[in-house]
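Residue-level structure breakdown
If you want the building blocks of each chain, they are given just below.
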Amino acid sequence: MSRRGGDEIHKLKSDFVRDAVSQDVRSNKFGGRVQTRFPPEPNGYLHIGHAKSICLNFGIASEHNGVCSLRFDDTNPSNEESEFVESIMKDVRWLGFDWGPHLRYASDYFEELYQFALQLIRSEKAYVDSLSADDIRAYRGTLTETGKNSPYRDRTVVENIELFKGMRAGEFPEGSHVLRAKIDMCSGNINMRDPVMYRIVHARHYRTGDKWCIYPLYDFAHGQSDALEGVTHSVCTLEFENNRPLYDWFLDELSVAHPRQIEFARLNLSHTVLSKRKLGELVAGGHVSGWDDPRMPTLSGMRRRGYTPTSLRNFCETIGVAKRNTTVDMALLEHIVRKDLNSCAPRVMGVLRPLRVVLLNYPEEKVEHVEAINNPEDSSMGTRSVPFSRVLYLEKDDFNEDPPKKFYRLAPGREVRLRYAYFIRCENVVHNPETGEVEELHCTYDPSTLGGMAPDGRKVKATLHWVSAAHSVDAEIRLYERLFSVEEPSALTSEILASSLNPESLQVLRGCKLEPSLAQPSSDSTYQFERQGYFCVDSIESSENKLVFNRTVALRDTWARIESKRHAKRNN
RNA sequence: UGGGGGAUAGUUUAGUUGGUAGAACAGCGGAUUCUGGUUCCGCCAGCCCAGGUUCGAAUCCUGGUCCCCCAGCCA
């Protein structure tokens, strides 16, 4: 059957958000225009959950030839820092998206927002309240009881304007006054019970410095920022569903055209947490080395770990967009990372836990060079030459003196193939006289098997990776496992979160032996160490004097599965 | 218990005038393989519940159940 053009047409990405946007385009709402935005608060690093939102917002815009801007919602000077805006811009670019000239900051709108507030005061839709924070809470009521009006609710316009200007002028201490919207203290939606619009904060803002001492709350800044920018579709997460009526109220009272807000469910990933607060606590508590610790689900951590932007984008596409709360299995992310890496990662050989092997019948001084394929999935990546000699390193796990059933690697008297080289046979095992540990293997090789095939057609059951000892380069390798041993750590409170960390999430291996082509590794590619997994140079701690590799993800390991099943059976 | 949302295999999803519930991941089994990788094939497994309308319901109607969000001068 031949494939015709029509069969190749990609199914257009579709989800309920995109459907809604497309409908608006078709009905010519917003003049057929599409403009979105990604609005992070610069108070932490971006994580894979943000990637979902980034892919959605930038994706929708580009599918409609529209604009997607990057806007920092920086309305709270006490949390926000330039370090975070730098990292956020870097991460969004790395993920593969470009906001072009559309870089925005809510703090750029402080003056406009202030004027909006004045406008609401003049139309008697906002007032300065002088209740304490505790009293405001008490007056607000509860989920089941209505609230009651503040005694300051009926201040005159003149009085309100004077007080609000005084707030701006720095005449009052923090907490003495706030500006509130005058809506409905009996509303079933608690967000509508005269929400606070402005608070006094005598703190330096990382962008506006000391220019302001009153700052709008997110609720009063977000919708207007969208409106000021001409955003048509304001895509956000589910928890803002309750706030939508409030945003609409502000915009309607201000007579400003407003975007359509569409809420989707945020991402949850098994075995990790995706909450900036909790991630920040892991950093602050020293449980990880930083926001970019390769175990972190942050974009900077995943970059350092060797995950590709392509695989993260593919992941976001695969998980879809919907409204129900879900937890995606980490195994899916790992599968997608492997799939991308399998197609593009150069293959090399590296021995993680070296076992010295001497080929008794191989000449002392002889060195041969065998040709190895760089990527069997992509012949255009070519081949390389790897040195072979009398003394080699093999993987400790590839030898077993007393091999269990189904173990078909090296064992006493057994023959295996060394990848791209010769068949070798284990003749003798040298033990450490004190510990009894296997210290070295004496093997013989069959010169007629160069290239990996025997002229007599005999087969071996295993092909092992190896490194020539004299030519090897030393490296430190860091193996990573899931950050948490429990499946849903997000359900845990901050207090017990750290105690649920997986103690084996980081394992450091020293004295690993790599093939010589890795002496000068590429800093931006992730390699496949054959039969082991994918590894990349650690961007922070690796140097010319000390090579450090991070394991991105292990290869699927059927043998390990057989073994763990065996152990499970034994323990039952 | 006020208001706002949501329920399709173990997990994440598709299902557009009502017409045999489709996929991916995970799990299990097999074939191929100079990576116990990749690839390929097969198996397992699902419409929250109860009624109703209909020749026919995941889809429409009624009534339940369960889960999530909101009581920051956080976002």
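Here we summarise the structure given alongside this text. Just so we're clear, the structure is a prediction, and the values are computed from it rather than from any experiment.

1. Details of the pattern of salt bridges
- Applying the stated criterion to the full structure yields 41 salt bridges.
- Among the ionic pairs, Arg180 bridges to Asp129, the shortest N-O distance being 3.0 Å. Of this pair, Arg180 sits in strand S5 (residues 178-181) while Asp129 sits in strand S4 (residues 126-129); the two residues are 51 residues apart in sequence, bridging distant segments of the chain.
- Using a relative accessible area of 0% as the deciding quantity, one classes Asp129 as buried.
- The salt bridge partner of Glu239 is Arg266, with a shortest N-O separation of 2.9 Å. Of this pair, Glu239 sits in the loop between strand S8 (233-237) and helix H9 (244-253) while Arg266 sits in the loop between strand S9 (260-264) and helix H10 (276-284), and the two are 27 residues apart along the sequence.
- Classification of Arg266 as partly exposed rests on a relative accessible area of 39%.
- Overlapping salt bridges bring together Asp292, Arg304, Glu476, Arg478, Arg510, Asp538, Glu541 and Lys546 as one network.

2. Topic: the environment of Gly413
- Checked against the element boundaries, Gly413 lands in the loop between strand S15 (391-395) and strand S16 (415-418).
- A relative accessible area of 45% places Gly413 in the partly exposed class.
- Considering only alpha carbons, one finds Gly413 and Arg244, 169 residues apart in sequence, at a separation of 74 Å.
- Every residue in contact with Gly413, bar those within four places of it in the chain, is listed here: Arg425 and Cys426.

3. What to know about the packing of aromatic side chains
- Enumeration according to the criterion identifies 22 aromatic pairs in this entry.
- With a centroid separation of 6.3 Å and an interplanar angle of 80 degrees, the aromatic rings of Phe84 and Trp291 are classed as edge-to-face. Of the two residues, Phe84 sits in helix H4 (residues 82-95) while Trp291 sits in the loop between H10 and helix H11 (299-305), which places them 207 residues apart along the sequence. We note that Phe84, like Trp291, is buried.
- Three or more aromatic residues joined by ring pairs make a cluster, and in this case those are Phe110, Tyr114, Phe164, Tyr198, Trp212, Tyr215, Phe220, Trp249 and Phe250.

4. Examining the protein's contact with RNA strand B
- Residues in contact with RNA strand B amount to 66 residues; listed here are only the nearest, Arg324, Arg347, Arg409, Gly451 and Thr558.
- Separating a base nitrogen of RNA strand B from a backbone N or O atom of Ala133 is a distance of 3.2 Å.
- Note that a base nitrogen of RNA strand B is positioned 3.0 Å from one of the backbone N or O atoms of Gly188.
- Among the elements of the structure, helix H6 (133-140), strand S6 (196-200), helix H13 (330-344) and helix H15 (558-571) are those that each provide at least two residues to the surface near RNA strand B.
- The element that contributes the greatest number of residues to the surface near RNA strand B is H15, accounting for five residues.
- Of the residues in the surface near RNA strand B, the class split is 22 nonpolar, 22 polar and 22 charged.

5. Things to note about empty space enclosed by the protein
- According to the stated counting rule, one finds two cavities of 30 Å³ or more in the structure shown.
- Approximately 130 Å³ is the volume attributed to the largest cavity.
- Forming the boundary of the largest cavity are 16 residues, of which Arg295, Met296, Arg305, Tyr307 and Met330 lie nearest the centre.
- When contributions to the lining of the largest cavity are tallied by element, the ones reaching two or more residues are H11 and H13.
- For the lining of the largest cavity, the element with the most residues is H13, which contributes three residues.
- When the residues that make up the lining of the largest cavity are grouped by side-chain class, the tally is nine nonpolar, two polar and five charged.
- A volume near 60 Å³ is recorded for the second largest cavity.
- In this structure, the second largest cavity is lined by His222, Gly223, Asp226, Ser234, Tyr247, Asp248, Leu251, Pro259 and Gln261.

The rules behind the values
Residues numbered from 1 in each chain as written. Chains lettered and ligands numbered in written order. Predicted model: local features only at pLDDT ≥ 70, side-chain atom pairs only at ≥ 80, totals over all residues. Heavy atoms only, no water. Salt bridge = Lys/Arg side-chain N within 4 Å of Asp/Glu carboxyl O. Helix = DSSP H or I, 4+ residues; strand = E, 2+ residues; numbered from the N terminus. Buried < 20%, exposed > 50% of the residue type's maximum accessible area, 1.4 Å probe, protein only. Contact = heavy atoms within 4.5 Å. Phe/Tyr/Trp six-rings, centres within 6.5 Å; stacked < 30°, edge-to-face > 60°. Near = heavy atom within 4 Å. Polar contact = N/O pair within 3.5 Å; in protein donor to acceptor, adjacent residues only side chain to side chain. Nonpolar A, V, L, I, M, F, W, Y, C, P; charged D, E, K, R; others polar. 1 Å grid on protein atoms, 1.4 Å probe; cavity = no way out; pocket = protein on both sides within 12 Å on 5 of 7 lines; lining within 4 Å. Points joined across faces, edges and corners; volume = space filled by probe spheres on them.

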